[in-house]
Amino acid sequence: MPRRWWAPLLIVAPLPAAAAPSDEPPQQQDLSTLSIEELAQLPVRSASKREEPLATVPNATTVITGDDILRSPATAIPELLRQAPGLQIQRLNTTQYAISARGFGGYEPSNKLLLLIDGRSGYSTLHSGIFWELRSPLLEDIAQIDVITGPGGTLYGPNAVNGVISIQSKTAFDAQGGLVRATAGARERTAGARYGFALGDDAAVRVYANGYDREGMPGGDGLADVDDAIRGWQAGFRADVRGEADRFTLQGDLFRSDRFLAPGDGNRGHNLIARWNHDLTASSSLQLQTWYDYFRREELRTTDVLETFDAELQYNLASGVHDLVAGAGVRTTRDSFDNQLNAFRLDPRSARLWIGNAFVQDRIALSSRLALTAGFKLESSSYTGVQFLPSLRLGWQLDARNLLWAAVSRAVRTPSRIDRDITEPTLVAKAPDFAAEKVTAWELGYRGQPGPNTSVSVSLYYNGWRDLRSVTFIGNPFPLQLANDLRGHVYGVEASATQQLAPWWRVTAGAAWLHKGFRVRPGAVDVSAGASLGQDPDYQLSLRSQITLPQGVLFDLGLRAVDGFDAPPVDGYVEADARLSVRLAEQIELYLAGENLLHDRHLESNDVQRAQWIRRSVYAGTRLRF
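What you see as residue numbers is a count from 1 along each chain, following the sequence as written. Totals for whole chains, interfaces and linings use every residue, but because this is a predicted model, local features are given only for residues with pLDDT of at least 70 and side-chain atom pairs only at 80 or more, for both listing and counting. Hydrogens are left out, water is left out, and the side-chain values use all remaining heavy atoms of the structure.

> Looking at this structure, how should I read the pairing of strand β31 (residues 553–562)?
Regular strands place side chains that alternate from one sheet face to the opposite one. DSSP bridges decide pairing: two strands pair if at least two such bridges lie between them. Each helix is a run of H or I in the DSSP string that is no shorter than four residues. Each strand is a run of E no shorter than two, and both are numbered from the N terminus. Strand direction decides the pairing type here: strand β30 (residues 539–549) and β31, joined by 10 bridges, are antiparallel. Of the residues in β31, the one forming a bridge with Thr-548 is Leu-554. Linkage of β30 to β31, two consecutive antiparallel strands, is achieved through a turn of three residues, within which Gln-551 is found at a positive phi near 65°. In the sheet, β31 pairs with strand β32 (residues 573–585) via 10 bridges, with the strands oriented antiparallel. Its bridge partner lying in β32, Val-562 is registered against Tyr-573.

> I'm lost on the environment of Asp-293 in this one. Help?
Following the sequence through the fold, Asp-293 ends up in strand β16 (residues 284–299). Any residue under 20% of the maximum accessible area for its type is buried, any over 50% is exposed, and the rest in between are partly exposed; the area is computed with a 1.4 Å probe on protein chains only. Judged by its relative accessible area of 7%, Asp-293 is buried. A C-alpha to C-alpha distance of 28 Å links Asp-293 and Gly-216, two positions 77 residues apart in sequence. Excluding its chain neighbours within four sequence positions, the residues that come into contact with Asp-293 are Arg-120, Arg-135, His-270, Asn-271, Leu-306, Glu-307 and Thr-308. The contact rule is simple, with two residues in contact once any of their heavy atoms fall within 4.5 Å.

> Even after reading the chapter, I still don't get the pattern of salt bridges, so can you show me in this structure?
Any two side chains of opposite charge can pair if their charged atoms end up close together. Should a side-chain nitrogen of Lys or Arg be within 4 Å of a carboxyl oxygen of Asp or Glu, the pair is scored as a salt bridge. If you walk through the whole model with that rule in mind, you get 52 salt bridges. As a salt-bridge pair, Arg-91 and Glu-79 come within 3.9 Å of each other at their nearest N and O atoms. With Arg-91 in strand β4 (residues 87–91) and Glu-79 in helix α3 (residues 77–80), this residue pair connects regions lying 12 residues apart in the sequence. Of the residues examined, Glu-79 reaches a relative accessible area of 11% and is grouped as buried. The salt bridge partner of Arg-194 is Asp-141, with a shortest N-O separation of 2.7 Å. One end of the pair, Arg-194, is in strand β11 (residues 188–198); the other, Asp-141, is in the loop between β7 (120–121) and β8 (142–149), and 53 residues separate them in sequence. Across the pair, Asp-141 and Arg-194 agree in class, each one buried. Ionic contacts of the salt-bridge type, sharing partners, join the residues Glu-79, Arg-82, Arg-91, Arg-560, Asp-577 and Glu-604 into one network.

> What is the right way to read the nonpolar core from this model?
One recurring pattern in soluble globular proteins: nonpolar side chains tend to sit buried together. In terms of nonpolar packing, the biggest core is built from 41 residues, with Leu-81, Leu-87, Ile-99, Trp-132, Ile-145, Ile-165 and Ile-167 touching the most fellow members. The element best represented in this core is strand β6 (residues 113–117), accounting for five residues. Each nonpolar core is a collection of buried residues, namely Ala, Val, Leu, Ile, Met, Phe, Trp, Tyr and Cys, held together in the definition by side-chain atoms within 4.5 Å.

> Quick question: what am I supposed to make of a nonpolar patch on the surface here?
A patch consists of residues whose relative accessible area exceeds 30% and which take part in no salt bridge; residues with like charges are grouped when within 9 Å of each other, and nonpolar side chains (Val, Leu, Ile, Met, Phe, Trp, Tyr) when within 5 Å. To measure how exposed things are, a 1.4 Å probe is used in the Shrake-Rupley method; for residues, cover is taken only from the protein chains shown. On the surface, a nonpolar cluster with roughly 540 Å² of combined accessible area is contributed by Leu-543, Phe-555, Leu-557, Leu-559, Val-574, Leu-580 and Leu-598. Relative to the assigned elements, Leu-598 resides in the loop between β33 (588–595) and β34 (601–602). With relative accessibility at 43%, the residue Leu-598 sits in the partly exposed group.

> Explain the confidence of the model for the protein chain to me, please; I cannot follow it from the model alone.
Detailed reading of predicted coordinates is not advised where the pLDDT is low. Mean pLDDT over the protein chain stands at 92; residues scoring 70 or higher make up 95%. Within the model, the stretch residues 1–29 combines pLDDT values under 50 with 80 contacts to residues more than four positions away or in other chains. A residue's pLDDT is simply how confident the predictor is in it, with values from 0 to 100.

> I tried to follow the UniProt feature "domain: TonB-dependent receptor plug" (unreviewed entry) in the protein chain on my own but got confused; where do I start?
Mapped onto the present numbering, the UniProt feature "domain: TonB-dependent receptor plug" (unreviewed entry) falls at residues 54–164. With 13% helix and 30% strand, residues 54–164 has its two end C-alpha atoms placed 16 Å apart. UniProt positions are given in the numbering used here, feature names are shortened, and annotations may be inferred rather than shown by experiment.

> Teacher, can you tell me more about the packing of aromatic side chains here?
Each aromatic pair joins two rings of Phe, Tyr and Trp (for Trp, the six-membered one) with centres within 6.5 Å, and gets the label stacked for planes under 30 degrees apart, edge-to-face for over 60, and tilted for any other angle. Inspection of the entire model under this criterion finds nine aromatic pairs. Consider the rings of Phe-104 and Trp-465, whose centres lie 4.9 Å apart with planes at 65°: the pair is edge-to-face. Here Trp-465 lies in strand β27 (residues 454–473) and Phe-104 lies in the loop between β5 (97–101) and β6, a separation of 361 residues in the sequence. Assigned by exposure class, Phe-104 and Trp-465 land together as buried. Between Trp-504 and Trp-505 the ring centres are 5.8 Å apart and the planes differ by 15°, which places this aromatic pair in the stacked class.

> How do you make sense of the sheet that holds β7 when you look at a structure like this?
Strand-to-strand pairing in sheets goes through backbone hydrogen bonds, with the strands running parallel or antiparallel. Read across the open sheet, the five strands follow the order β3-β8-β9-β6-β7; overall the sheet is mixed. With one partner strand each, in any of the chains shown, β3 (60–65) and β7 form the two edges of the open sheet. Looking at chain direction, β8 and strand β9 (residues 163–169) are connected through seven bridges and run antiparallel. Residue Ile-145 lies in a different strand from β9, and its bridge partner there is Ile-167.

> Help me out: how do you make sense of the UniProt feature "domain: TonB-dependent receptor-like beta-barrel" (unreviewed entry) in the protein chain in this one?
Taking the numbering used here, the UniProt-annotated feature "domain: TonB-dependent receptor-like beta-barrel" (unreviewed entry) corresponds to residues 186–597. Secondary structure content for residues 186–597 is 1% helix and 72% strand, and the end C-alpha separation is 14 Å.

> Is there a simple way to explain the pairing of β16 in this structure?
In terms of strand pairing, strand β15 (residues 266–281) meets β16 through 15 bridges, oriented antiparallel. Residue pairing for β16: Arg-275 is matched across the bridge by Gln-289. Pairing geometry for β16 and strand β17 (residues 302–319), over 16 bridges, is antiparallel. Looking across to β17, one finds that Trp-291 is bridged to Asp-310. The hairpin turn running from β16 into β17, its antiparallel successor, is two residues long, and Leu-300 in that turn takes a positive phi close to 50°.

> I would appreciate a short explanation of the side chain of Asp-362 in the present structure.
Note that Asp-362 resides in strand β20 (residues 350–365). Think of it this way: Lys and Arg go in the positive column, Asp and Glu in the negative one, and His and the chain ends go nowhere. One buried charged residue, Asp-362, remains without a salt bridge, the closest side chain of opposite sign being Arg-50 at 7.8 Å. At 3.3 Å, the side chain of Asp-362 forms a polar contact with the backbone nitrogen of Asp-323. Any N or O atom pair separated by 3.5 Å or less is treated as a polar contact, with the protein-specific requirement of one donor-capable and one acceptor-capable atom, and with residues adjacent in sequence counted only for side-chain atom pairs.

> Which parts of the structure should I look at to understand the environment of Arg-334?
For Arg-334, the location among the structural elements is in strand β18 (residues 322–339). By relative accessible area, which is 38% here, Arg-334 ends up partly exposed. Distance in space between the C-alpha atoms of Arg-334 and Gly-523 is 37 Å, their sequence separation being 189 residues. Not counting chain neighbours up to four residues away, the residues in contact with Arg-334 comprise Val-305, Leu-306, Glu-307, Ser-350, Ala-351 and Arg-352. Only 3.4 Å separates the side chain of Arg-334 from the side chain of Ser-350, close enough to count as a polar contact.

> So what exactly am I meant to see when it comes to unusual backbone geometry here?
Excluding glycine, a negative phi dihedral is what most residues carry, and trans is how most peptide bonds are arranged. With an omega of 10°, the peptide bond running from Asp-347 to Pro-348 counts as cis. Cis peptide bonds are those with omega within 30 degrees of zero, and the linkage from Ala-567 to Pro-568 qualifies with -15°. When you line up the elements, Pro-568 lands in the loop between β31 and β32. In this structure, Arg-102 is a non-glycine residue whose phi angle is positive, near 60°. The topology assignment puts Arg-102 in the loop between β5 and β6. One non-glycine residue with positive phi stands out, namely Asp-118, at about 55°. For Asp-118, the position within the fold is in the loop between β6 and β7.

Right, dumping it as structure tokens:
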């Protein structure tokens, strides 16, 4: 397989930067210099669709800042997300990841997490999950990643069941001038570039390109040895215009990648987002957002295509003790699935589905320290009819530094086309009555600062599940059919703590523990033996150190310990990542980074069809600004 690759790179001269609009998170500030108290005031918009300080958010939210991203050894989004202690990250091979929260780990079971990129959903309604290999933005252009563990159905609808990952890119105003980044190692090479320029005082544009070439991981020792290498590129733009009361954003991406399991394998796609914000008064605003997304995946003589159009109108109002957000939207998808590998089919092969929704949420200040957030969403889809998704949250601000919160929510995962329409003439029958999977979640949490140099966040949860996917007999002995015969619970705790040991040294620790208990509905049989429940480690531990030394020297070290699981068994593991960088000048940065440094190889998944050994990776890189 040839190893040369091409990706468009734009390298041009810088222009002066302009200030960011007030409704965007801060982009240019060096967050490594902020105190613990200042970090607690970072603005978060994803938790309630309105800007609020992280310290007052009544849910389990982790913020990965732009500075965290720049200092990370990660070269892909899934590796960045290891900084969120509530997420379970399984890397299956070079290309594929399974990312979940609060259970249901594994490539197929991890279907209850929603990904948003600047408000555009990255969730596949055909597959019920996220194809992480289709998301390769320039990491230097990401302003912030908000990771919410727990239901988000009231604001974000079905499939925001166990969490929401919201990736927010920098505005064009905050990405001015030129940037070039390149890395090279034995197993991976990447290159990226961005150029931003102003169009007067009130408009700006940035363009970018990002390319990568990743070697395949090894098989053997019971694993199939397949060529899981990937190489590709993604390019795009963002334009922002601002006025006294209006802001307009237009952005889009184009991507292509090649894989090598079979001739012609690869991915390609494009998307476009348009967003208009209008301030009605000093305390009320409107936002209209529309987006279009298309992708095509070809792998091992199978092709799946998904085309999505979405439009949503949102209204915000702050009045007296009320802080209201309400909105409505419509989404339509057109998909197709062509399988020349075996006899499994979707019937019909292609279909158009519709989803409509309306939601309202109100934060009511019951006193100066006590706030109640209540809301619900009504959503109707082609498969499930109307779903009612309510939530109730109570936040008690003990003092300026400490918050207690409690919540109860309902969320659902709507049936995918595979759930309803998969068929194989001699084995599997269609399941036209397959229903939504449902959870009622109870949460209790604390977020605060026990001391001026310490921050702590702890979340306890209990999720009651019903109507989970199973496989049942409808013949003797065949065919089989998907059903909703599993029910049970997941409960656990997630915690993180940050300590500023010195002005130049910050340490963050994280931990997550969970327990699952499921059973089949009385009188039913699950032929799959609970395959939809996934495999989850009982615990995960992490420790991250950030050291900022004089003369522009940065040293970052991360450790993680992940418990094993069985059926088939995978051993627990401990791994380390590290990055050492130095700035030769304000515009020139050199760095050496490594991932999975403690062992030559380890397994993170027991998926017998996809899993490969995850290998140690070391590379050198440079980042130039001009």
